[in-house]
Amino acid sequence: MQTASGPASDAAILRLDHVTKRFGGLVAVNDVTFDVRKGEVFALIGPNGAGKTTLFNGVTGLIPPTSGSVVFEGREIAGTKPFKVAELGIARTFQNIRLFEYMSAVENILVGEHCRMHAKLWDSLFKLPRERREEKEVTDHAMELLRFVGIERWAHSYARNLPYGGQRRLEIARALATRPRLLLLDEPAAGFTPQEKVELMRLVGKILDSGVTVFLIEHDMKVVMGISKRIVVLDHGEMIAHGTPEEVRRNPRVIEAYLGKQH
Amino acid sequence: MGAVGEAIRRRRSDLRSGLTGRALDVGLYVLILAFLFLLGTRVIEHGPDYLLQIFFFALANGAIYALIALGYTMVYGIIELINFAHGDVFAFGAFASASLIPLFGLSEGQVWGPFTILQLLAVFVVTMLLCAVLNVSIERIAYRPLRHAPRLAPLITAIGMSFFLEGAMFLWKGPSSVHYPDVLPDLSFTILGARVGVKEITVWITTIVLVVGLALFIDRSRLGKAMRATAQDRDAAQLMGIDIDRTIAATFFIGAVLAGAGGIMYGLSYNTAVFDLGFSAGLVAFTAAVFGGIGNIYGAAIGGLVLGLIRTFWDGYFDSAWSDVVIFAILIMVLVFRPTGILGMRVPEK
Amino acid sequence: MIGWFRRVWENDPRKDPNAVVYFLLAIFAVLFPLFASVVTGGSPNFLLSVAGDAGVYVLLTLGLNVVVGMAGLLDLGYAAFFAIGAYTYAFIASDHLAVTPLQTTLHVPFWIVLLIALFVAASFGVILGAPTLRLRGDYLAIVTLGFGEIVPRVFKNTSTWTSGVNGISALDTPELPIWFKGPWSGDPLAVVQNFKIFDPLGYYVIMVVLLVICVVLVRNLQNSRMGRAWAAIREDEVAAAAMGVNTVQAKLLAFAIGAAFSGFAGTFYGAKLSLVSPENFGFSVSITVLVMVVLGGMGNIPGVMLGSLLIYLVIFMVLPSLPDTVTSIANAIGLTGLTQASGDFPGIGEFAARLKFLIFGLILVLVMLLRPQGLLPSREREQELTKGTHDDTIIEDVQAETG
């Protein structure tokens, strides 16, 4: 959100090049190549076990890919440590919500602010004026983020006590606190009511407007087709289709492998 | 393009894990070689008879360490808990058998016959059962309620349990070493100039029988299979209809049986026991388990032997005041450089 | 009313009940010299000295709380850093170096050694922590345990440098350039120059001042960027890393700060006792401090202070006096037979003395089973320890994805 919102350019913000991930003999992601362009909503879809989350883990450094390259803003990041990836400007949410359950909503977001803060050990130990100033700034920013995702009324509740939808929103807010330029959302609409899904789509739009590129995994076709500009379809670790929602919808392999099974 | 990317990737990961890894390896090997060289000069100095003598003692010590290490490694394998109280169960085995020996009609300097062997066997069985009951109760009372708590909680409980047992034995036997009845016949054979006593032979044979029995049990029996399944994936094992509580209790039972046997043999060999015996012996045995790759049963047996060798050779050829330091230094180095154990077998990371 | 209180306590993390405890502790610290004086009829030196020793343990507990309570790392060799701090003081603030191969003496002032010891201990913490903090939690526990066993043995065995088991004695007495005689002297504002701190009251006052400083610093740290990072790591290391927290660095910092505290406390301890010996830094010291943290309430500063005072009272006051107490009780109620040793039974006095380990172990087990959050827990830790956290589920994610 710090980034000025500009016109969507065609430049790739994230480029995956022949990315493969093996677990022992099992190939979870096989030779996947695509790029996410700056200022778009990009969706990754595919049946369960297709390797979607593995791909996210590979991008964010949690479980580095076996081979291939991941380039973020022109910089090779495959094998980079997760915290470094976050510092570079990629934030994520988790499929099974991973909040700091026993910290308040604000504190959760403040953890996200961590990598954008400058307080050194001495500043914190002695509560120097610049540390206090920074604390105030990030707390204000955290409250702003809570309002942005619409859960400010739970600011001081434990994260675990938030309702389910609130927890998903809090996770998004926490990710936004790292001031990302690319936001990875892992099934953000899972378990949502139709009403909540509409609100989520609106939120994604707002995030996009603030200048953050969104790369999401989602099962709900309505959500995916409604907000994403381009889609990649993964099946058993293989990329089987790539294109605009219309192209993907018409792709016979997708219909067979994915939509066919669903409908 | 892709090939270039892959090449870059590979070089990066090579640089990271390869270079530092190799440098550490080289350092480690240099250290080991330096030690072996030093040892070599001492060995030559003291002559071959002494070497063989030390070697026989080392095998007996190593066997006892191996028996204790098996309990650590089995429990860790199945519930990922360092059972700090395990060493004290071993010490309890020594104390309990010291009291049982006169009860079962054995005494120092008696004449040996088939019946006395039976008596000794009875001491073994009863002691092992007592240790097993103790260890299973510890699991039931102190560890089971905390099975789903954060890892720190059962670990702290285990330390508390260790202190409790040491406290109980302190209360029972007092602060100083107590005499353990020297019942084994004072016979010895000379092999290539070195003396091998009945004590060493008893330790070797008992250990081999127990370890082979354990291996067969783990490999063949239903319960053994249940243990392996539970160690691999507790939830899946449960879904397959394995009674987790029973399996875990059985693991504690078997671990204690082995430790109890170790305790008796420690007493029979050294004829002394002290209340905190389990602390030091336990730490060495735990080092052995880590050395062999914790969770790995064969690793623990081999680790026990290796640690027995290291310790006895150090005591025999160098200043024994430093032997604990050496053991703990090995423990730290193995954990830092080879967290999966020196055998390099894969341990399920969870 | 209680229901309302409970709801606020459980749901609103802003309400801080600790203020009350801090206030009580402060009052207690100020009034203690007076109290000691009254109880003992004007000769409070023994009680004040004991309180000074207890303060050393409070310092240790505050430090270990950073490691165990805040960052969630288990350190079982905490006494090693304590020993390093104490020996640092012994080497550079006594005549001892004269009898070592160096054949010279150093007399660095106490206040400077405090800082030196802090850095020496912290450096050892970094050296030990850097390669091991990547490992899983219980491996760290074992590495620190090993280190804790090694350090006193090294001090014991390198006797040309440390005098071995005899230890190093006659350490320098801390000195202050200016000191007020204090309100108890009748002339409160009279200034003493080059004040040598022999007086237990002097130690007590310095200890309290140091403690106040440390509590303020640790509290600041807890409510800062780093404190939140530690809490996040404790709860979910993977999520913390994904949110941009350099987990290895944060854990290393916690570990080093803990070590620094221990070194700091070690210097004070050595100076007060004027003696260091390898026997004083064994595993039982590490465990004692751990029990203090656990019993008090991991992560909560006033809680662990309370825990350390309580355990100190039990271990160093109640248990040692137990033999005499039970012997006199036995005599008073006519069971004089019990006071004699017979067979395995050593007499009730000795029996009571031997209870120490057992009681200690029992406290650990019972606290973990009945009140894992400690007596006065931090709210986060209370919830974590009673309701559990999620495990490291990244591997499960992978399995879900691949299997």
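Up top is the structure.
Here the residue numbering is sequential within each chain, running from 1 through the sequence in written order. For this description, chains carry letters from A and ligands carry numbers from 1, given in the order in which they are written. This being a predicted model, a pLDDT of at least 70 is required before a residue's local features are given, and a value of 80 or more before pairs of side-chain atoms are given or counted; all residues contribute to the totals for chains, interfaces and linings. Heavy atoms from the whole structure form the basis of all side-chain values; hydrogens and water molecules are not counted.

### A closer look at the overall build of chain A
Helix and strand definitions follow DSSP, with helices as H or I runs of at least four residues and strands as E runs of at least two, each counted in order from the N terminus. Of regular secondary structure, chain A possesses 10 helices and 10 strands. Under the scheme applied here, a residue whose accessible area is under 20% of the maximum for its type counts as buried, over 50% as exposed, and between as partly exposed, the area being computed with a 1.4 Å probe on protein chains only. Going through the 263 residues of chain A one by one, you find that 60% of them count as buried. At a minimum sequence separation of 6, the contacts of chain A that also span at least 24 residues come to 69%. Summed over its atoms, the accessible surface of chain A is roughly 10,400 Å², and 52% of this surface lies on carbon and sulfur atoms. Here a residue-residue contact requires only that any non-hydrogen atoms of the pair lie within 4.5 Å. For every accessible area listed, the method is Shrake-Rupley and the probe measures 1.4 Å; residues are considered covered only by the protein chains on display.

### Some points on the overall build of chain B
A tally of regular secondary structure across chain B gives 12 helices and 4 strands. When the 350 residues of chain B are sorted by exposure, 53% land in the buried category. Look at the contacts in chain B between residues 6 or more apart in sequence, and 77% of them connect residues 24 or more apart.

### Re helix α6 (residues 198-220) of chain B
All names here are of chain B. Multiplying 1.5 Å by the residue count of a helix minus one yields the expected span of that helix. Across its 23 residues, α6 extends 32 Å between first and last C-alpha, which sits within 8% of the 33 Å expected from 1.5 Å per residue. Among the residues of α6, those classed as buried are Val198, Glu200, Thr202, Val203, Thr206, Thr207, Leu210, Leu214 and Ile218. Those residues of α6 that are buried are in contact with α2 (48-79), α4 (114-143), β3 (194-197), α7 (222-232), α9 (244-270) and α11 (297-317).

### Comments concerning the packing of aromatic side chains
All names here are of chain C. Each pair of aromatic rings taken from Phe, Tyr and Trp, with Trp reduced to its six-membered ring, is defined by centres within 6.5 Å and is described as stacked if the planes are under 30 degrees apart, edge-to-face if over 60, and tilted in the remaining cases. Under the counting rule described, the total for this entry stands at 43 aromatic pairs over all chains. A ring pair is formed by Tyr57 and Phe316, whose centres lie 5.4 Å apart and whose planes are at 45°; its orientation type is tilted. Note that Tyr57 is positioned in helix α3 (residues 45-70) and Phe316 in helix α13 (residues 301-332), a separation of 259 residues in sequence. Phe316 sits in the partly exposed class, given a relative accessible area of 34%.

### What about the environment of His96(C)?
Residues and elements named next belong to chain C. Within the secondary structure, His96 sits in the loop between β1 (93-94) and β2 (106-107). Relative accessible area serves as the criterion here: at 8%, His96 is assigned to the buried category. As a C-alpha pair, His96 and His107 span 11 residues in sequence and 10.0 Å in three-dimensional space. If near-sequence neighbours (up to four positions away) are discounted, His96 is found in contact with Ala90, Phe91, Trp161, Thr162, Ser163 and Ile168.

### Quick word on the interface of chain B and chain C
In this complex, chain B contributes 47 residues to the contact, which on the side of chain C involves 45 residues. One side-chain nitrogen of Lys or Arg within 4 Å of one carboxyl oxygen of Asp or Glu is enough to make a salt bridge. Between chain B and chain C we count 1 salt bridge in total. Among the ionic pairs, Asp324(B) bridges to Arg153(C), the shortest N-O distance being 3.2 Å. Contacts described as polar in this section are N or O atom pairs within 3.5 Å, which, within protein, must combine one atom able to donate a hydrogen with one able to accept it, while residues neighboring in sequence count only if both atoms come from side chains. Where chain B touches chain C, the interface holds 2 residue pairs in polar contact (both at pLDDT 80 or more). Those elements that place two or more of their residues in the side of chain B that touches chain C are α4, α5 (152-173), α10 (277-291) and α12 (323-337) of chain B. Residues are grouped as follows: Ala, Val, Leu, Ile, Met, Phe, Trp, Tyr, Cys and Pro are nonpolar; Asp, Glu, Lys and Arg are charged; every other residue, Gly included, is polar. Looking at the side of chain B that touches chain C, its residues break down into 37 nonpolar, 4 polar and 6 charged.

### Considerations on the nonpolar core
Among the buried residues, those of types Ala, Val, Leu, Ile, Met, Phe, Trp, Tyr and Cys that are joined through side-chain atoms within 4.5 Å form a nonpolar core. Residues Leu76(C), Trp230(C), Ile287(C) and Leu290(C) are the most contacted members of the largest nonpolar core, which totals 234 residues. Examining the composition of this core, we find that 16 residues originate from one element, α2(B), more than from any other. Apart from the residues lying within four places of it in its own chain, the contact partners of Trp230(C) are Val66(C), Met70(C), Ala71(C), Leu221(C), Ala250(C), Leu253(C), Ala254(C) and Ile257(C). The next biggest cluster of nonpolar side chains, apart from the first, holds 50 residues, and it includes Ile109(A), Ala155(A), Leu162(A) and Leu183(A).

### Side note on the environment of Ala237(B)
Residue and element names in this part refer to chain B. Of note, Ala237 is situated in helix α8 (residues 234-239). We classify Ala237 as buried; its relative accessible area is 3%. Through-space distance from the C-alpha of Ala237 to that of Met227 is 9.1 Å; in sequence the pair is 10 residues apart. Excluding residues that lie within four positions of it along the chain, Ala237 makes contacts with Ala229, Thr230, Ile242 and Ile244.

### A few points about empty space enclosed by the protein
Empty space among the atoms can be located by rolling a probe the size of a water molecule over them. Using protein atoms alone on a 1 Å grid, points that fit a 1.4 Å probe yet trap it form a cavity, whereas open point sets bounded by protein on both sides within 12 Å along at least five of seven lines form a pocket; residues with an atom within 4 Å of a point count as lining. Grid points are joined across faces, edges and corners, and a volume is the space filled by probe spheres set on the points. Applying the stated criterion across every chain yields a total of 4 cavities of 30 Å³ or more. The computed volume of the largest cavity comes to approximately 100 Å³. Tyr72(B), Phe84(B), Phe279(B), Gly282(B) and Leu283(B) are, among the 13 residues lining the largest cavity, the residues nearest its centre. The set of elements that each furnish at least two residues to the lining of the largest cavity consists of α5 and α10 of chain B. At 5 residues, the largest contribution of residues to the lining of the largest cavity is made by α10(B). Its residues assigned to classes, the lining of the largest cavity comprises 8 nonpolar, 3 polar and 2 charged. If you add up the space inside the second largest cavity, you get close to 40 Å³. Taken together, Val19(A), Lys21(A), Val29(A), Thr54(A), Leu55(A), Gly58(A), Ile63(A), Pro64(A) and Pro65(A) form the lining of the second largest cavity.

### Some thoughts on a positive patch on the surface
Residues and elements named next belong to chain B. To count toward a patch, a residue needs a relative accessible area over 30% and no salt bridge; like charges are then connected within 9 Å, while nonpolar side chains (Val, Leu, Ile, Met, Phe, Trp, Tyr) are connected within 5 Å. Neither His nor the chain ends is counted toward charge; the positive residues are Lys and Arg and the negative residues Asp and Glu. A charge is said to be at NZ when it belongs to Lys, at CZ for Arg, at CG for Asp and at CD for Glu. On the surface, a cluster of positive charge is made up of Arg220, Arg222, Lys225, Arg228 and Arg246. If one sorts the elements of the positive patch by residue count, α7 sits on top with 3 residues. Its place among the elements puts Arg220 in helix α6. Take Arg220: its relative accessible area is 59%, and that puts it in the exposed class.

### Considering a nonpolar patch on the surface
Taken together, the side chains of Val20(C), Phe23(C), Leu24(C), Ile27(C), Val30(C), Leu31(C) and Leu34(C) make up a nonpolar region of the molecular surface, amounting to roughly 720 Å² of accessible area. Position of Leu31(C) among the secondary structure elements: in helix α2 (residues 18-39).

### What to know about the sheet that holds strand β2 (residues 26-37) of chain A
Residues and elements named next belong to chain A. Taken in spatial order, the 4 strands of this open sheet run β2-β1-β4-β5, and their pairing is antiparallel. Every other strand in the sheet has two partners, leaving β2 and β5 (75-76) as the edge strands with one partner each. Lying on the sheet, helix α1 (residues 52-60) is in contact with β1 (12-23), β2 and β4 (67-72); it crosses β1 at an angle near 115°. Two strands pair if DSSP finds at least two bridges between them. Lines fitted to C-alpha atoms define the axes, with helix axes restricted to the stretch in contact, and inter-axis angles between N-to-C directions lie between 0 and 180 degrees.

### Thoughts on unusual backbone geometry
At Glu80(B), a position not held by glycine, the phi torsion is positive, near 55°. Its identity is not glycine, yet Gln103(C) carries a phi of approximately 55°, on the positive side. Relative to the assigned elements, Gln103(C) resides in the loop between β1 and β2.

### Let's talk about the sheet that holds strand β10 (residues 238-243) of chain A
All names here are of chain A. Taking strand neighbours across the sheet as the criterion, the 6 strands line up as β6-β7-β8-β3-β9-β10 in an open arrangement whose pairing is mixed. Every interior strand has two partners, whereas the edge strands, β6 (90-92) and β10, have only one. Going across the sheet, the axis of each strand differs from the next one's by a mean of 15°, ignoring polarity. For β6 and strand β7 (residues 182-186), the ladder comprises 3 bridges, and the chain directions are parallel. In the sheet register, Ile90 faces β7, and the bridge partner there is Leu182. On the sheet, helix α6 (residues 164-177) packs against β6 and β7 and is oriented at approximately 155° with respect to β7.

### Description of the pattern of salt bridges
For side chains bearing opposite charge, pairing can occur when the charged atoms are close. In total, this model carries 27 salt bridges over all chains according to the counting rule given. The partner of Arg144(B) in a salt bridge is Asp245(B), with the nearest N and O atoms 3.9 Å apart. Here Asp245(B) lies in helix α9 and Arg144(B) lies in the loop between α4 and α5, a separation of 101 residues in the sequence. Overall, the relative accessible area of 31% leaves Asp245(B) in the partly exposed class. Taken together, the salt bridges that share partners define one network made up of Arg311(B), Asp315(B), Asp324(B), Glu149(C) and Arg153(C).

### Quick word on the packing of helix α3 (residues 105-113) of chain A against helix α5 (residues 129-149) of chain A
A pair of packed helices can be characterised by two numbers: the angle between their axes and the separation between those axes. Residues and elements named next belong to chain A. In contact at an axis separation of 9 Å, α3 and α5 are set at 115° when each is read in the N-to-C sense. Note that α3 runs across α5; the crossing there is right-handed. Contact residues: α3 offers Ala105, Val106, Ile109, Leu110 and Glu113, while α5 offers Val138, Thr139, His141, Ala142, Met143, Leu145 and Leu146. Looking at side-chain class alone, the contact of α3 with α5 contains 9 nonpolar, 2 polar and 1 charged residues. By convention the crossing between two helices is left-handed if the near helix lies anticlockwise of the far one by an angle smaller than a right angle, and right-handed if it lies clockwise.

### Comments concerning the packing of helix α5 (residues 110-132) of chain C against helix α11 (residues 247-273) of chain C
Residue and element names in this part refer to chain C. Running from N to C, α5 and α11 point in directions that differ by 140°, and their axes come no closer than 7 Å. The handedness of the crossing between α5 and α11 comes out as right-handed. Contacts between α5 and α11 involve Phe110, Val113, Leu114, Ala117, Leu118, Ala121, Ala122, Gly125, Val126, Leu128, Gly129 and Ala130 from the first element and Leu252, Phe255, Ala256, Ala259, Ala260, Gly263, Phe264, Thr267, Phe268 and Ala271 from the second. For the contact of α5 with α11, the per-class residue count stands at 18 nonpolar, 4 polar and no charged.

### So, the side chain of Ser94(C)
All names here are of chain C. Mapping Ser94 onto the fold places it in strand β1. Only 3.0 Å separates the side chain of Ser94 from the backbone nitrogen of His96, close enough to count as a polar contact. In this view, Ser94 contacts Tyr89, Thr105, Leu106, His107, Ile168, Ala170, Leu171 and Asp172; residues no more than four positions away in its chain are not counted.

Any functional reading would require information that these geometric values do not contain.
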